[in-house]
Amino acid sequence: MSRVAIFTEGETEQLFVEWLVRELAGAVPLQIEMLARRGESSVRRRLRIVRSGTEPPPQFYFLIVDCGSDGGVKSRIIEEYDNLVRTGYSSIVGLRDAPKVRANIPRLRTELLKDVNQVPASVVFVLAIMEIESWFLSEHTHFERIHEGLTPVLIQQSLGFDPRNDDMRLRDRPASDLNEAYQLVGKHYHKGQGAQQTVFVLDCAPLAYSTVDPDLQSLVSQIERGLT
């Protein structure tokens, strides 16, 4: 069985990764385990087996762990690395937000890799700049699935940015931008479980295959590698 572990900063990121894995897997049978780690405790949120009753047991297993903070992603990977290797994981991914100071991003990338084993299981860190909501903003077709009146034109006219053409990685407060856009039609964006309303109406194709964001490309690549 192919095993991939993905450690996320929080619940919103965990929900997005679960959705992305399922979308990229398509009809491929797989098993997804969702955990929340807080201190020394680990809470299973759910165990999902994505397959029909007539199919063979899943050959692909994804463990997705909500670490509760951006700083917890690297520390959890270091703590769990040996156990993950012993239990057959060949790929480990860490997903967290970038720092609020853009100039610090290159240094963060370097620091994340320090003291992290790469053999026998590789570790890749993925940064959402400045927050994961920058990816949600960039998938501009989802706005009209939230509300038919919430068009990119309305967002541009009201908020001054165009999610169709502007680079959403340059937005300083993507989550606030998303909420302000939703408020134009009387709705709100919420993190955590509340992010389901957004995540579940995203279109996977442009996010996975048309994105110019190298971090998102890397995340997609790691998931697809785990599905082969």
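Residues numbered from 1 in each chain as written. Predicted model: local features only at pLDDT ≥ 70, side-chain atom pairs only at ≥ 80, totals over all residues. Heavy atoms only, no water.

Below, the discussion takes up the overall build of the protein chain. Along the protein chain, the regular secondary structure elements total ten helices and six strands. Relative to its length of 228 residues, the protein chain is compact, with a C-alpha radius of gyration of 18 Å against a globular reference of 17 Å. Projected onto its principal axes, the C-alpha positions of the protein chain cover 55 × 50 × 30 Å. Among the 228 residues that make up the protein chain, the fraction classed as buried is 50%. Restricting to contacts in the protein chain with at least 6 residues of sequence separation, those with at least 24 account for 72%. For the protein chain, the exposed area adds up to about 10400 Å²; of that, 49% sits on carbon and sulfur atoms. Where the 26 positive side-chain charges of the protein chain centre and where its 31 negative ones centre are 4 Å apart. (Helix = DSSP H or I, 4+ residues; strand = E, 2+ residues; numbered from the N terminus. Rg over C-alpha atoms; globule rule 2.2 N^0.38 Å. Buried < 20%, exposed > 50% of the residue type's maximum accessible area, 1.4 Å probe, protein only. Contact = heavy atoms within 4.5 Å. Areas by Shrake-Rupley, 256 points an atom, 1.4 Å probe, with all protein chains shown as cover. Lys, Arg positive; Asp, Glu negative; His and termini not counted. Charge placed at Lys NZ, Arg CZ, Asp CG, Glu CD.)

Further remarks concern the side chain of D213. Relative to the assigned elements, D213 resides in the loop between α9 (204-209) and α10 (214-226). Although D213 is buried, it makes no salt bridge; R169 carries the closest opposite charge, 4.4 Å away. With sequence-adjacent residues up to four places away left out, D213 is seen in contact with W135 and R169. (Salt bridge = Lys/Arg side-chain N within 4 Å of Asp/Glu carboxyl O.)

Burial runs high along strand β6 (residues 122-128): six of the seven residues are buried. Where strand β5 (residues 91-97) and β6 come together, seven bridges link them in parallel fashion. When the sheet's bridge partners are listed, S91 is paired in β6 with S122. As for the winding sense of the linkage, the β-α-β connection from β5 through helix α3 (residues 105-113) to β6 is right-handed. (Pairing = 2+ DSSP bridges. Right-handed = clockwise from strand over helix to strand, strands pointing away.)

On inspection of all chains with the given rule, the structure shows seven aromatic pairs. Summarising the aromatic geometry, the rings of Y61 and Y89 are spaced 6.3 Å apart at their centres and angled 70° between planes, so their arrangement reads as edge-to-face. Residue Y61 is located in strand β4 (residues 60-66), and its partner Y89 is located in the loop between α2 (71-86) and β5; the two are separated by 28 residues in the primary sequence. In this structure, Y61 and Y89 share a single accessibility class: buried. Here the aromatic cluster, defined as three or more aromatic residues joined through ring pairs, consists of F16, W19, W135, F136, F143, Y182 and Y189. Above the plane of the ring of Y61 lies R3, whose end atom (NZ or CZ) is 4.7 Å from the centre. Here the basic side chain of R3 rests over the ring of Y89, its NZ or CZ set 5.7 Å away from the ring centre. (Phe/Tyr/Trp six-rings, centres within 6.5 Å; stacked < 30°, edge-to-face > 60°. Lys NZ or Arg CZ within 6 Å of the ring centre and 35° of its normal.)

Here we come to the packing of helix α1 (residues 11-25) against α10. Between two packed helices, what matters for the description is the angle formed by their axes and the separation of those axes. Running from amino to carboxyl end, α1 crosses α10 at an angle of 55°, the nearest separation of the two axes being 10 Å. Relative to α10, α1 is oriented oblique. Crossing hand, α1 versus α10: right-handed. Facing α1, whose interface residues are F16, L20, V21 and L24, α10 presents L216, L219, V220, I223 and E224. (Axes fitted to C-alpha atoms, helices over the stretch in contact; angles between N-to-C directions. Parallel < 35°, antiparallel > 145°, perpendicular 65-115°, else oblique. Left-handed = near helix turned anticlockwise from the far one by under 90°.)

Right, let's talk about the side chain of R37 for a bit. Of note, R37 is situated in strand β2 (residues 30-38). For R37, a relative accessible area of 12% corresponds to the buried category. Among the polar contacts listed, one links the side chain of R37 to the side chain of E80, at a separation of 2.5 Å. (Polar contact = N/O pair within 3.5 Å; in protein donor to acceptor, adjacent residues only side chain to side chain.)

For α10, which comprises 13 residues, the first-to-last C-alpha distance of 18 Å matches the rise-based estimate of 18 Å (1.5 Å per residue) to within 8%. Regarding α10, the residues found buried are D215, L216, L219, V220, Q222, I223 and G226. Axial view of α10: buried residues confined to an arc of 160°, hence all on one face. A distance of 2.8 Å separates the backbone nitrogen of D215 from a side-chain oxygen at the start of α10, and that oxygen is part of D213. (Expected span 1.5 Å × (residues − 1). Arc of directions from axis to C-beta.)

For the rest of this paragraph, the subject is unusual backbone geometry. P120 follows V119 through a cis peptide bond whose omega is 10°. As for its position among the elements, P120 is in the loop between α3 and β6. Of the consecutive residues I129 and M130, the connecting peptide bond is found in the cis state with omega at -10°. Of note, the phi angle at D115 is positive, near 65°, even though the residue is not glycine. By the secondary structure assignment, D115 is in the loop between α3 and β6.

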